[in-house]
Amino acid sequence: MSALPVRKFDAVIVGAGGSGMRASLQLAEAGLSVAVLSKVFPTRSHTVAAQGGIGASLGNMSEDSWLWHMYDTIKGSDWLGDQDAIEYMCKMAPQVVYELEHFGMPFDRNPDGTIYQRPFGGHSANFGERPVQRACAAADRTGHAMVHTLYQRNVRARTQFFVEWMALDLIRNADGDVQGVVAYEMETGDVMILQAKVTVLATGGAGRIFAASTNAFINTGDGLGMAARAGLPLEDMEFWQFHPTGVAGAGVLITEGVRGEGGILLNAQGERFMERYAPNLKDLASRDVVSRSMDQEIKEGRGVGPHKDHVLLKLDHLGPDVILKRLPSIREIALKFANVDCIKEPIPVVPTIHYQMGGIPTNVNGQVVAPKGSDPNAVVPGLYAVGECACVSVHGANRLGTNSLLDLLVFGRAAGNHIVGQNLRAQGQQALARDAGDASRARLARLDGASSGESVPEVAHEIRKTMQAHCGVFRNQQLLAEGVRQVMDLDARVARTAIGDRSRVFNTARVEALELDNLIETAKATIVSAEARRESRGAQARSDYPNRDDANWLKHTLWYRDGSRLDYKPVNLKPLSVEAFPPKARTY
Amino acid sequence: MLDQERWNRIVWRCRRGMLENDLVLTRFLAARGRAMTEDEVALLDRLLDLPDSELWDLIAGRREPQDPAVGPLLSALRRA
Ligand SMILES: Cc1cc2nc3c(=O)[nH]c(=O)nc-3n(C[C@H](O)[C@H](O)[C@H](O)COP(=O)(O)OP(=O)(O)OC[C@H]3O[C@@H](n4cnc5c(N)ncnc54)[C@H](O)[C@@H]3O)c2cc1C
């Protein structure tokens, strides 16, 4: 094969969401040549969907401290989070929020001019003693404001954006050094090598592997697929957060605020079932508890609708005034996606996939790490990962609300600073691996050469259906084992896809076929890891192993694509400077 | 009838940052298909230039468009 064209940069960042643009900003401002790739225009990245806020112990509303934030995060993680990374994140939180303010982020304000902070589930003062207001927000447009602020700064710093470019694969040489990516330009159908001294994956989550998902269509887990195909492990992929109230059949998220204002959940008998499961907090118990209770009601036949497959979120008793004033967007969502007017009728809801806690393993500098010899966390030279695609691991088995946007800022910045510290401009480019680009070209050649085969949308649909049925809220051995078998069958079907459209310009069928290669890796990692973990912890709820088992399972899962092999590594229970928080029961 | 290239381009531009917009635009594209006129596509392109939250405000009826020309198209999106 003739060689692919090559363009060279100090750094290539794949992904222009909050995490990618926070990292690129550090690099561009330090004068490095930076290319940022995005499948869509940067300000259309999925970060724009975030509404709730960014957690930081500014203490603007009442006393707060990073140590309390750290405790909440560790407890939320069900002790699977690494305490060094969690300490780093919570300590850095005020600084990254003030930096963002300085960049021009339009945060909501208190009358005295300080940043207003709102209450959020799981945020507490004095180690769980009482709620504290810790979430910094820009109305219900926090993610949108953050992405626009970062984009403007990046344009000013002369970051080079490659918009509507899709990264296909990582390039690694024989020593395992990462040397850049192979990328596909949608406009022309051209394939190119973007060579770099440092590559950063910031591709976001993979929520589209489930049928019921709050995630936009773009979240296909591309960085995870790229890492897996490059022989790197994926960490803790069994842990996925369900949001209790996604609109049944559509997935669109109904904010917790609805229950905060007094909305309640009802089963087919009109019973407010949360009173049975969580007598104290009822409908406002934590996300995983409410999701499991809803699932239990549905499994026991008390679901609503012709298929008895959802429950109802009732808010008409709040009255039109409260609904229209405090929850206006909810009424529009219910009308549009559930065809109900929530002023008069309840909204059909189901627990819906929302956030991926696992990802590409990294250390606190954002460097990707993988076991090598006796070191479980050996650095993979030239590769970083940040944001939802990475697992540093601050979220452990369950993420605390508002900690994801914080994660993007803290570790996007940390990775940027670590890269700047390496003095890349003084270094030359390595000699490119001889087989660079071959794997990607083989993928494209197979696709273009297949005159008939499996339909991409159909296989994608089957993956989502299987994951939903076999790897949902409650899991057990039988369900999971059968699910693994089915996903492996689907893996074989992914290798036999064909597309009808062979055109070059904006061939969306080809793009979706390439995305499917990433969806399947994420699905395999998730269900194989879930099947093997014989305990319940955070978001992984197994009806056959209902308890947390610290003696055997206080460890991180590592899944490898090769042979779908599993390995494990210890959780870091040692913070950087404070005393460790030893595991204890997680009750709210 | 739109040619394949124009259609592909518009389909990709309908990939958004918010699921709400993804769902409405997908329904709309499925209903109208390649029977869309060039004029409609040009208007849709203009709407797609908007940030996701603004586009959603328009679709959800929280705001009215500044440009009256997009009115009929927006009504179709609102019905989708
Ligand atoms: C509805 C909703 C509400 C939320 N609310 C909150 C909240 O209030 N607070 C909070 O902390 N968290 C919240 N979250 C979670 C949080 O928004 C996400 O975890 C976070 O925004 C992910 O950011 P990211 O930078 O990792 O990725 P994204 O913003 O998803 O960006 C990924 C980028 O990678 C690019 N990309 C992907 N694949 C490729 C490829 N192959 N080639 C080139 N580019 C590629 C995309 O184009 C995009 O630019 C919410 C999530 C949802 C779904």
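The sections below set out a description of the structure shown in this document. (Residues numbered from 1 in each chain as written. Chains lettered and ligands numbered in written order. Predicted model: local features only at pLDDT ≥ 70, side-chain atom pairs only at ≥ 80, totals over all residues. Heavy atoms only, no water.)

1. Structural notes on the overall build of chain A
For step 1, the next point in the chain: Tallying secondary structure elements over chain A gives 16 helices and 24 strands in all.
For step 2, the next point in the chain: Relative to the 2.2 N^0.38 estimate, which gives 25 Å for 588 residues, the radius of gyration of chain A is 23 Å and therefore close to what a compact globule would have.
For step 3, the next point in the chain: For chain A, the spread of C-alpha atoms along the principal axes amounts to about 70 × 55 × 50 Å.
For step 4, the next point in the chain: Expressed as a percentage of its 588 residues, the buried residues of chain A come to 62%. (Helix = DSSP H or I, 4+ residues; strand = E, 2+ residues; numbered from the N terminus. Rg over C-alpha atoms; globule rule 2.2 N^0.38 Å. Buried < 20%, exposed > 50% of the residue type's maximum accessible area, 1.4 Å probe, protein only.)

2. A few points about the overall build of chain B
For step 1, the next point in the chain: Regarding its fold elements, chain B presents five helices and zero strands.
For step 2, the next point in the chain: The secondary structure elements of chain B, listed N-terminal to C-terminal, are α-α-α-α-α.
For step 3, the next point in the chain: The C-alpha atoms of chain B give 12 Å as radius of gyration, which agrees with the globular expectation for 80 residues (12 Å, within 12%).
For step 4, the next point in the chain: In chain B, which comprises 80 residues, the share counted as buried stands at 54%.
For step 5, the next point in the chain: Taken as a whole, chain B presents about 3600 Å² of accessible surface, with 52% of it coming from carbon and sulfur.
For step 6, the next point in the chain: With 13 positive and 14 negative side-chain charges, chain B shows a spacing of 3 Å between the two charge centroids. (Areas by Shrake-Rupley, 256 points an atom, 1.4 Å probe, with all protein chains shown as cover. Lys, Arg positive; Asp, Glu negative; His and termini not counted. Charge placed at Lys NZ, Arg CZ, Asp CG, Glu CD.)

3. Observations concerning the interface of chain A and chain B
For step 1, the next point in the chain: Counting residues at the interface gives 39 residues for chain A, matched by 32 residues for chain B.
For step 2, the next point in the chain: Carbon and sulfur atoms make up 56% of the area that chain A and chain B hide from each other, which totals about 2900 Å².
For step 3, the next point in the chain: Our count for the contact surface shared by chain A and chain B stands at five salt bridges.
For step 4, the next point in the chain: A salt bridge links Glu332 of chain A to Arg62 of chain B; its shortest N-O distance comes to 3.2 Å.
For step 5, the next point in the chain: There are 14 residue pairs in polar contact (both at pLDDT 80 or more) connecting chain A and chain B. (Contact = heavy atoms within 4.5 Å. Buried area = accessible area lost by both parts, 1.4 Å probe. Salt bridge = Lys/Arg side-chain N within 4 Å of Asp/Glu carboxyl O. Polar contact = N/O pair within 3.5 Å; in protein donor to acceptor, adjacent residues only side chain to side chain.)

4. Brief notes about the environment of Ala469 of chain A
Residues and elements named next belong to chain A.
For step 1, the next point in the chain: Within the secondary structure layout, Ala469 lies in helix 13 (residues 456-470).
For step 2, the next point in the chain: Its relative accessible area of 46% is what places Ala469 among the partly exposed residues.
For step 3, the next point in the chain: For the pair Ala469 and Gly176, spaced 293 residues apart in sequence, the C-alpha to C-alpha distance is 38 Å.

5. Section: the nonpolar core
All names here are of chain A.
For step 1, the next point in the chain: In this structure, Ile54 and Ile347 are the most contacted members of the largest nonpolar core, which totals 112 residues.
For step 2, the next point in the chain: For this core, the element with the most residues is helix 3 (residues 83-103), which contributes ten residues.
For step 3, the next point in the chain: Listed in part, the 62 residues of the second largest apolar core include Phe162, Ala228, Ala390 and Leu519. (Core = buried A, V, L, I, M, F, W, Y, C linked by side-chain atoms within 4.5 Å.)

6. Let's talk about the site of the ligand
All names here are of chain A.
For step 1, the next point in the chain: The environment of the ligand is made up of 38 residues, and the closest members are Ser45, Thr47, Gly52, Glu388 and Leu405.
For step 2, the next point in the chain: Measuring from an oxygen atom of the ligand, one finds a backbone N or O atom of Gly52 at 2.7 Å.
For step 3, the next point in the chain: At a separation of 2.7 Å, an oxygen atom of the ligand approaches a polar backbone atom of Leu405.
For step 4, the next point in the chain: Contact with the protein chains removes 96% of the 1000 Å² of surface that the ligand exposes when unbound.
For step 5, the next point in the chain: Tallying contributions element by element places helix 11 (residues 403-420) first for the shell around the ligand, with four residues.
For step 6, the next point in the chain: Grouping the constituent residues of the shell around the ligand by class yields 13 nonpolar, 21 polar and four charged. (Near = heavy atom within 4 Å. Nonpolar A, V, L, I, M, F, W, Y, C, P; charged D, E, K, R; others polar.)

7. Focus: the side chain of Gln367 of chain A
All names here are of chain A.
For step 1, the next point in the chain: Counting through the fold element by element, Gln367 comes out in strand 18 (residues 367-372).
For step 2, the next point in the chain: Exposure remark for Gln367: the relative accessible area of 12% places this residue in the buried category.
For step 3, the next point in the chain: For Gln367, the side chain forms a polar contact with the side chain of Asn365, separated by 3.2 Å.
For step 4, the next point in the chain: Here Gln367 is in contact with Pro361, Thr362, Val379, Leu383, Tyr384 and His418, once residues within four sequence places are set aside.

8. Focus: the sheet that holds strand 4 (residues 117-118) of chain A
For step 1, the next point in the chain: Pairing is antiparallel across the open sheet formed by three strands, whose spatial order is 3-7-4 (chain A). Edge positions in the open sheet fall to strand 3 (54-55) and strand 4 of chain A, since each of these has one partner strand only. (Pairing = 2+ DSSP bridges.)

9. With respect to the pairing of strand 24 (residues 565-570) of chain A
All names here are of chain A.
For step 1, the next point in the chain: Pairing analysis gives six bridges linking strand 23 (residues 555-560) to strand 24, with the strands arranged antiparallel. Along strand 24, the bridge assignment pairs Trp559 with Leu566.
For step 2, the next point in the chain: Hairpin connection of strand 23 to strand 24: four residues between the antiparallel strands, including Gly563 at a positive phi of 70°.

10. Observations regarding the sheet that holds strand 15 (residues 311-314) of chain A
Strand pairing in a sheet relies on backbone hydrogen bonds. The paired strands run either parallel or antiparallel.
All names here are of chain A.
For step 1, the next point in the chain: Ordered in space as 13-16-15-14, the four strands form an open sheet in which the pairing is antiparallel. Only two strands of the sheet have a single partner each, and these edge strands are strand 13 (240-247) and strand 14 (264-266). With direction set aside, neighbouring strand axes in the sheet form an average angle of 45°.
For step 2, the next point in the chain: In this sheet, strand 16 (residues 347-356) lies alongside strand 13 in antiparallel orientation, the contact comprising six bridges. Of the residues in strand 16, the one forming a bridge with Gly246 is Val350. (Axes fitted to C-alpha atoms, helices over the stretch in contact; angles between N-to-C directions.)

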